[in-house]
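Breakdown of the fold
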Amino acid sequence: MTVSQDQRSTDRSGTEPDAIVIGAGFSGMYMLHRLRALGLSTVVLEAAEGVGGTWYWNRYPGARCDSESYYYSYSFSDELQQDWVWTERYPEQPEILRYLNHVADRFDLRRDIRFGTTVTRARFDETTDRWRLDSASGETWTARYLITAVGCLSAANIPRIPGLDTFEGQWFHTGRWPHEGVDFAGKRVGVVGTGSTGIQAIPVIAEQAAHLTVFQRTANYSVPARNGPLEDAALREIKADYPEIRRTQRASTNGHPFLISERSALEVSPQRRREIYESAWKVGGLRFRACFQDLLTDKAANDTASDFIRSKIRETVRDPDTAATLTPTDHPFATKRPPIDTHYFETYNRDNVSLVDVRRTPIEEITPRGVRTGQDVHELDCLVFATGFDALTGPLLGIDIRGTGGRSLGEKWAEGPKTYLGLQVAGFPNMFTITGPGSPSVLTNMPTAIEQHVDWIARTIDHMRGHRLVRMEASEQAEAEWGEHVNEVANRTLLPMASSSWYLGANVPGKPRIFMPYAGGFAYYAGRCDEVADAGYPGFAFA
Ligand code: FAD
Ligand code: N01
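Report on the accompanying structure.

Reading the values: rules and limits
- Residue positions are given per chain, counted from 1 along the sequence in the order it is written.
- Chains carry letters from A onward and ligands carry numbers from 1 onward, assigned in written order.
- With pLDDT at 70 or above as the cut-off, local features in this predicted model cover only qualifying residues; side-chain atom pairs require 80 or more to be listed or tallied, and sums for whole chains, interfaces and linings still use all residues.
- Only hydrogens and water are set aside when side-chain values are computed; all heavy atoms of the structure are taken into account.
- We call a set of buried residues a nonpolar core when its members are Ala, Val, Leu, Ile, Met, Phe, Trp, Tyr or Cys and they connect through side-chain atoms within 4.5 Å of each other.
- The classification of residues rests on relative accessible area computed with a 1.4 Å probe and restricted to protein chains. Under 20% of the type maximum is buried, over 50% is exposed, and intermediate values are partly exposed.
- Strands here mean DSSP runs of E at least two residues long; helices mean DSSP runs of H or I at least four residues long; both are numbered from the N terminus.
- A contact between two residues is defined here by any heavy atoms of the two lying within 4.5 Å.
- Nearness is judged by heavy atoms alone; a residue qualifies as near a molecule or strand once a single heavy atom is within 4 Å of it.
- N or O atoms within 3.5 Å of each other form a polar contact, as long as, within protein, one can give a hydrogen and the other can take it, and as long as residues adjacent in sequence are counted only when both atoms are side-chain atoms.
- Only the protein chains shown count as cover for residues, and the accessible areas themselves come from Shrake-Rupley with a 1.4 Å probe.
- A helix is expected to reach a length of 1.5 Å times the quantity of its residues less one.
- Relevant arc is that of directions from the helix axis to the C-beta atoms, nothing else.

Things to note about the nonpolar core
Counting 81 residues, the largest nonpolar core has I147 and W456 as the members making the most contacts within it. Per-element tally for this core: the top contributor is helix α15 (residues 446-466), with 8 residues. Setting aside its immediate chain neighbours within four residues, W456 contacts L423, F432, M472, C529, D530, A533, Y537 and F540. Core analysis: the next-biggest nonpolar cluster, separate from the first, contains 49 residues, W177, F184, F292 and A386 among them.

Put into structure tokens, the structure is as follows:
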């Protein structure tokens, strides 16, 4: 990008830029960078007071990524990946946020980002083929292109439990954590939720609190993270190897720099299988999923991994009743997003930790003094909701988006999200959704998926400008065919078997049950997007 191109985009930005991006996390920041390079004036509207998205909001104790640092990062700038020094295998939230702030400074992004700006409405004007956006504070913008970079996991899911407003202690959602932190010393703390977030936060809160009560609805599988410092020599090796690492990520199923083994879990002897699992358990992290090719497609194969983890839970947790409660039985391993942990199961051996099975005895209400399950009131000073997000569709439906004919996205998606390639929605011209439903998004290492989407959108907008096209819209037919394909691919896997999964929308009462991400694999999907662009965009109509 030349300085003059960059300067030109600034001069033309304002309330009528060429493009508006909503969100300034990994997605929105890179989208801004790419659009500027194309010479488009671009404004990013961001509700938070800083960049970072997920890493701005999720400041709970123990928050860190579980993709490994060296590849949970942008690949678009070799100078950036060579210069930045990661300190740990899985860096903590402050380090990731520092990285994203560094990116914002390094590429001079802030001057086109309007912080503290929540977009409430977006309307497509069919007479001008432009989007008009309104913010909560009453400001208005119009732009030819609208790119949503609102995140898949950014709308906090706070359960509607009767009595929450009467609680006399403090309560928090992990995805809206106070910036000044929370002092749990000497406090009786409750945590609701044992997903990836709960599993990270529980061991850290247990060390700080006088007593911790965990309210568990669904027992979860977890594999040790085996975090540790990234030594200089290892980092040097990674940096020298980046071209290959990035190539492998793009050629993989999940955007990670390792490939899933080609062998079946059922083709090796039980002893050999155990050795393979033991060795993956020692290495730790998400690679455990890659031990065998059929863990997500063959129930009998999956049973071997599920049983292995169950045996580890029984070995680790001293009290047999607690171990039994912590042992997942209602879904196969990795059909819900698999967490990784640091001393999660060990935490239940502490004297100051108790576990309440709220599937057996549901939470009835929150009282001024604590949480009531059945006849028991668990007295608490602080209550932490690690209850996840209204995933994928929540952040988009949080905005009143209206396309052609004034039709709202909410109406269009009443029975579940419909998209073409997870990139566009029929009836919503010139709107692009980064990591939207129907794309691999949350089933991948997300920066890989984000870069692929941003590059495709940038290429497409460049195509439109090069051909003097002002309007692009997915066809209903292409959208319907893609929807069928997304469904069919999910049904070839075990993923839909986890009936309480947020992949299916099952964690939010009343949300349509439909498997939302694309399970056909990142590399296949990216190839398909490229084919569509190379072939002149079949399935899209231009004007
Ligand atoms: P986000 O980072 O969610 O950013 C979206 C932004 O849009 C937010 O800043 C939000 O404020 C803004 N926004 C939304 N709606 C509006 C509106 N109406 N008006 C204005 N602004 C709006 N993924 C991995 O691949 N590996 C990991 O290890 C990993 N760890 C994670 C850990 C946690 C705790 C969580 C919650 C998620 C994790 N993820 C991980 C997923 C993570 O969300 C993505 O990796 C990535 O950060 C998403 O970036 P994004 O820019 O697309 O969205
Ligand atoms: O949310 P979740 P999360 N009463 O939805 C329970 C990413 N992430 O924030 O399973 C009682 O997974 C709910 O129970 P159930 C990652 O993609 C990544 O933990 O619905 N319990 C579940 O136990 C992840 O998957 C990282 O029965 C209630 C928990 O709350 C995604 O974000 C770290 C309840 C929610 O689990 C979301 O993870 C953190 C209720 N009313 C997050 N409502 C890393 O990569 C919900 N629950 C490290």
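Structural notes on the site of ligand 1
If you check the shell around ligand 1, you find 33 residues, and the closest are S27, E46, D66, Y72 and M446. In this structure, V119 approaches ligand 1 through a main-chain N or O atom, which is 2.9 Å from a nitrogen atom. Here ligand 1 has 980 Å² of accessible area as a free molecule, and 94% of this is covered by the chains. For the shell around ligand 1, the secondary structure elements donating two or more residues are α2 (26-37), α3 (54-57) and α15. Broken down by element, the residue count for the shell around ligand 1 peaks at 3 residues, all from α3.

Some words on helix α9 (residues 270-283)
An α-helical segment advances 3.6 residues per turn. Residues three or four places apart therefore align on the same side. Here α9 contains 14 residues, and its C-alpha end-to-end distance of 20 Å stays within 8% of the 20 Å for a straight helix at 1.5 Å per residue. Within α9, the full set of buried residues consists of R273, I276, Y277, A280 and W281. With its buried residues spanning 135° around the axis, α9 presents them on a single face. In α9, those exposed residues whose orientation departs by more than 90 degrees from the buried face are Q271 and K282. Packing partners of the buried residues in α9 comprise β11 (223-224) and α10 (299-316). Looking at the residues trailing α9, positive phi occurs at G284, about 80°.

Section: the site of ligand 2
As a structural note, the neighbourhood of ligand 2 is formed by 24 residues, with D66, T197, R217, T218 and K336 the closest of them. Measuring from an oxygen atom of ligand 2, one finds a side-chain N or O atom of T197 at 2.6 Å. Contacts to ligand 2 include R217, whose side-chain N or O atom sits 2.9 Å from an oxygen atom. In the complex, the protein chains occlude 89% of the 910 Å² of accessible area that ligand 2 would expose alone. Among the elements that take part in the shell around ligand 2, helix α6 (residues 196-208) stands out by supplying 3 residues, more than any other.

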